[in-house]
Amino acid sequence: MDATSEASFAEFVRTQWRDLVRAAIFLGAGPDEAEDLAQQTLVRCYASWQRVTDATNRDAYVYRMLLNQLRDARRTRWWRSRVDAEPDGRVDDASSQVVIADAIHQALDGLSKPQRDVVVLRYFVQLTEAQTAAALGVPVGTVKSRLSRALAGLADSHHLTELSEEHQ
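Please read all numbers here as calculations on a predicted model, not as lab measurements.

Engineer: Report on the overall build of the chain, specifying residues and quantitative values.
Structural biologist: The number of helices and strands found in the chain is 10 helices and zero strands. Ordered by position in the sequence, the α and β elements of the chain form the string α-α-α-α-α-α-α-α-α-α. Every one of the 168 residues in the chain was classed for burial, and the buried ones make up 34%. In the chain, the proportion of contacts linking residues at least 24 apart, taken out of those at least 6 apart, comes to 65%.

Engineer: With reference to specific residues and values, describe the packing of aromatic side chains.
Structural biologist: Under the counting rule described, the total for this entry stands at four aromatic pairs. Seen in terms of ring centroids, F9 and Y46 are 5.1 Å apart; in terms of plane orientation they differ by 70°. Their pairing is edge-to-face. Of this pair, F9 sits in helix α1 (residues 3-26) while Y46 sits in helix α2 (residues 31-47); the two residues are 37 residues apart in sequence, bridging distant segments of the chain. By relative accessible area, Y46 is classed as partly exposed at 35%. On the numbers, 5.3 Å between centres and 55° between planes, the contact of F12 with W49 is tilted. Of this pair, F12 sits in helix α1 while W49 is found in helix α3 (residues 49-54), placing the two residues 37 residues apart along the sequence. When sorted by exposure, F12 lands in the same class as W49, which is buried. Every member of this aromatic cluster is reached through a ring pair, and the members are F9, F12, Y46 and W49. The ring centre of Y123 lies 5.8 Å from the NZ or CZ of R122, which sits over that ring.

Engineer: Could you give an account of the nonpolar core, naming the residues involved and the relevant values?
Structural biologist: The biggest cluster of nonpolar side chains holds 41 residues, and the ones touching the most others in it are C45, Y63, L66 and L121. Among the elements of the structure, α1, α2, α3, α4 (58-75), α6 (95-109), α7 (113-124), α8 (129-136) and α9 (140-155) are those that each provide at least two residues to this core. In contact with L121, not counting residues within four places along its chain, are Y63, L67, Q126, L127, T132, A135 and L136.

Engineer: Please set out the environment of R116 residue by residue, giving values where relevant.
Structural biologist: In this fold, R116 is placed in helix α7. The class of R116 is buried, set by a relative accessible area of 11%. Through-space distance from the C-alpha of R116 to that of L151 is 9.9 Å; in sequence the pair is 35 residues apart.

Engineer: So, the pattern of salt bridges: which residues are in play, and what are the values?
Structural biologist: Opposite charge on two side chains permits pairing when their charged atoms draw close. Per the stated rule, a full pass over the model turns up six salt bridges. A salt bridge links D117 to R71; its shortest N-O distance comes to 3.2 Å. Residue D117 is located in helix α7, and its partner R71 is located in helix α4; the two are separated by 46 residues in the primary sequence. For the salt bridge of K113 with D117, the shortest nitrogen-to-oxygen distance reads 2.8 Å. Of this pair, K113 and D117 are both found in helix α7, four residues apart, which corresponds to roughly one turn of the helix. In this structure K113 comes out as partly exposed when scored by relative accessible area, which is 30%. A single network of salt bridges, built from pairs that share partners, joins R71, K113 and D117.

Engineer: Give me the confidence of the model for the chain: which residues, what numbers.
Structural biologist: In this model, the chain carries an average pLDDT of 82, and 83% of its residues clear a pLDDT of 70 or more. Here residues 82-93 is modelled with pLDDT under 50, and outside its nearest four sequence neighbours on either side it reaches two contacts, counting other chains as well.

Engineer: For α9, give the residues involved together with the corresponding values.
Structural biologist: Side chains that are three or four residues apart share a direction in an α-helix, a result of its 3.6 residues per turn. With 16 residues, α9 extends 22 Å from end C-alpha to end C-alpha; this agrees with the ideal 22 Å at 1.5 Å per step. For α9, the complete set of buried residues consists of V143, L147, A150 and L154. Angularly, the buried residues of α9 cover 70° about the axis, an arc narrow enough to put them on a single face. Exposed side chains of α9 directed beyond 90 degrees from the buried face belong to R149 and A155.

Calculation notes
- Residues numbered from 1 in each chain as written.
- Predicted model: local features only at pLDDT ≥ 70, side-chain atom pairs only at ≥ 80, totals over all residues.
- Heavy atoms only, no water.
- Helix = DSSP H or I, 4+ residues; strand = E, 2+ residues; numbered from the N terminus.
- Buried < 20%, exposed > 50% of the residue type's maximum accessible area, 1.4 Å probe, protein only.
- Contact = heavy atoms within 4.5 Å.
- Phe/Tyr/Trp six-rings, centres within 6.5 Å; stacked < 30°, edge-to-face > 60°.
- Lys NZ or Arg CZ within 6 Å of the ring centre and 35° of its normal.
- Core = buried A, V, L, I, M, F, W, Y, C linked by side-chain atoms within 4.5 Å.
- Salt bridge = Lys/Arg side-chain N within 4 Å of Asp/Glu carboxyl O.
- pLDDT = per-residue confidence, 0-100.
- Expected span 1.5 Å × (residues − 1).
- Arc of directions from axis to C-beta.

Here it is, written out as structure tokens:
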């Protein structure tokens with residue numbers, strides 16, 4: 001890779017790292033696991049940087065890579081036998097942010113995997129409908145229908161209604 005491409009990739013990592021980690025978390029990964037997934041995605045981006053930069057929609061291409069990394073990780077034996085660890089009970093100064101994040105995670109867990117993918121990419125990553133469709137490899141109409149059903153499910157989520165009642 002030449003110096004210009006190296007600089008371009010370094011800038012891409014600097015600007016996208018946080019969003020990739022956050023997207024992985026909202027797709028169901030734990031914080032440490034999300035960082036691993038983001039790092040693995042960026043390694044794949046580096047290895048095929050020319051294809052990434054040539055992509056018509058670079059964001060969709062990269063988030064598709066992240067989704068594939070997550071799916072690959074979930075297929076392994078380690079994931080099938082893994083028991084989710086309980087939170088370590090650390091007290092955070094920003095406890096209200098933790099409560100909100102927990103409510104969001106629980107509400108997202110109530111959605112199907114395709115619905116959760118659409119919500120995360122559309123609202124948390126802020127891709128357009130077309131970019132979300134490209135990242136998931138589905139038509140835009142499918143994104144719209146999944147999103148509609150997902151939002152209805154989130155509106156009925158007791159996790160979010162309890163949260164909104166606490167903050168009124």
